[in-house]
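Single-letter residue listing:
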Amino acid sequence: MLLREGLPGLFRRFGHRTVAAVDDAPALIRAVAEHDPDLVVTDVRMPPGFSNEGLKAALELRASRPELPVLVLSQYVERDSAAELLASHGGAGVGYLLKDRLGDVEEFAEAVARVAAGGTAVDPEVVRRLLLHRRDPLNALTAREREVLGLMAEGRSNAAIARALTVSDASVAKHIRGILAKLDLPPDEDVHRRVHAVLAYLRSGRHA
């Protein structure tokens, strides 16, 4: 209830308009059909069962509308469904953020805008927990390339990765080219190569 009542005001502060605020998963699906929104923000747990109804609704929406950006908020990581949601990217924005780690309004607003624009926003803890339950490491990548890919998985830009690793933007771009080449992701206008690289990383057991 607090999220449902509070988020529209927060979105309005950053220039967004909320077309519907609903209290259960079936209503979410109906609202999307009625309003055709630019972005869906949902909690994992929703009535009637308060388990993972919101996440299941997000997966159902992405199956029928692959172009729909979806941002999921949660208190925990539902590993299999989270991986499935991230794999459903299809060129549209996707995010999975942990509510108890959202401590900065500006950063949250940036994540919302990034997902709405077709990008990704994944909490580092989500990445870590998914990695702990994956196999088949990406042996072709160097330790530095895995570091870069891990930061890509957090939704960071090349400039942000460069700052985190204290290297130049050109060095980051070179590492990303190497990652894409080693993961056999040639240029393709129909494929978001950066996202596919991140998904390959999440499915592996390798982390820096």
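Residues numbered from 1 in each chain as written. Predicted model: local features only at pLDDT ≥ 70, side-chain atom pairs only at ≥ 80, totals over all residues. Heavy atoms only, no water.

The name an unreviewed UniProt entry assigns to the chain is LuxR C-terminal-related transcriptional regulator, from the organism Actinomadura gamaensis.

**Description of the nonpolar core**
V72, L85, Y96, L149, M152 and I179 are the most contacted members of the largest nonpolar core, which totals 45 residues. It is helix α10 (residues 193-203) that contributes the most residues to this core, six residues altogether. In contact with M152, other than residues within four places in its own chain, are I161, I176, I179, R194 and V198. With eleven residues, the next largest nonpolar core counts L7, A111, V112 and A121 among its residues. (Core = buried A, V, L, I, M, F, W, Y, C linked by side-chain atoms within 4.5 Å. Buried < 20%, exposed > 50% of the residue type's maximum accessible area, 1.4 Å probe, protein only. Helix = DSSP H or I, 4+ residues; strand = E, 2+ residues; numbered from the N terminus. Contact = heavy atoms within 4.5 Å.)

**Considering helix α3 (residues 53-64)**
The end-to-end C-alpha separation of α3 is 17 Å, in line with the 16 Å expected for twelve residues at 1.5 Å each. What α3 keeps buried is the set E53, G54, L55, A57, A58, L59, L61 and R62. (Expected span 1.5 Å × (residues − 1).)

**What about the pairing of strand β1 (residues 40-43)?**
Bridging between β1 and strand β2 (residues 70-74) involves four bridges; their strand directions are parallel. Residue D43 lies in a different strand from β2, and its bridge partner there is L73. Taken together, β1, α3 and β2 form a β-α-β motif whose crossover is right-handed. (Pairing = 2+ DSSP bridges. Right-handed = clockwise from strand over helix to strand, strands pointing away.)

**A short note on the pairing of strand β3 (residues 94-98)**
Most of β3 is tucked away, with five of its five residues classed as buried. Both faces of β3 are covered, namely the face carrying V94, Y96 and L98 and the face carrying G95 and L97. In the sheet, β2 pairs with β3 via five bridges, with the strands oriented parallel. Each bridged residue has a counterpart across the sheet, and for V72 the counterpart in β3 is Y96. Note: β3 against strand β4 (residues 120-122), three bridges, orientation parallel.

**Brief notes about the UniProt feature "modified residue: 4-aspartylphosphate" (unreviewed entry) in the chain**
UniProt annotation of "modified residue: 4-aspartylphosphate" (unreviewed entry) refers to D43 when read in the numbering used here. In this structure D43 touches L3, G54, L55, L73, S74 and K99, once residues within four positions along its chain are discounted. Within polar-contact distance, the side chain of D43 engages the backbone nitrogen of R45 at 3.3 Å. (UniProt positions renumbered as here; feature names shortened; annotations may be inferred. Polar contact = N/O pair within 3.5 Å; in protein donor to acceptor, adjacent residues only side chain to side chain.)

**Observations concerning the layout of surface pockets**
There is about 940 Å³ of room inside the largest pocket. Around the largest pocket sit 34 residues that line it, and F11, T18, A20, A21 and V41 are the ones nearest its centre. At the level of elements, α1 (2-13), α2 (25-35), β1 and α5 (105-116) are the ones that each hand at least two residues to the lining of the largest pocket. Counting residues per element, the lining of the largest pocket draws most heavily on α1, which supplies six residues. Space inside the second largest pocket adds up to approximately 460 Å³. Of all the elements in the fold, those that place two or more residues in the lining of the second largest pocket are α5 and β4. Considering each element in turn, the lining of the second largest pocket owes the most residues, five residues, to α5. Its residues assigned to classes, the lining of the second largest pocket comprises eight nonpolar, three polar and eight charged. (1 Å grid on protein atoms, 1.4 Å probe; cavity = no way out; pocket = protein on both sides within 12 Å on 5 of 7 lines; lining within 4 Å. Points joined across faces, edges and corners; volume = space filled by probe spheres on them. Nonpolar A, V, L, I, M, F, W, Y, C, P; charged D, E, K, R; others polar.)

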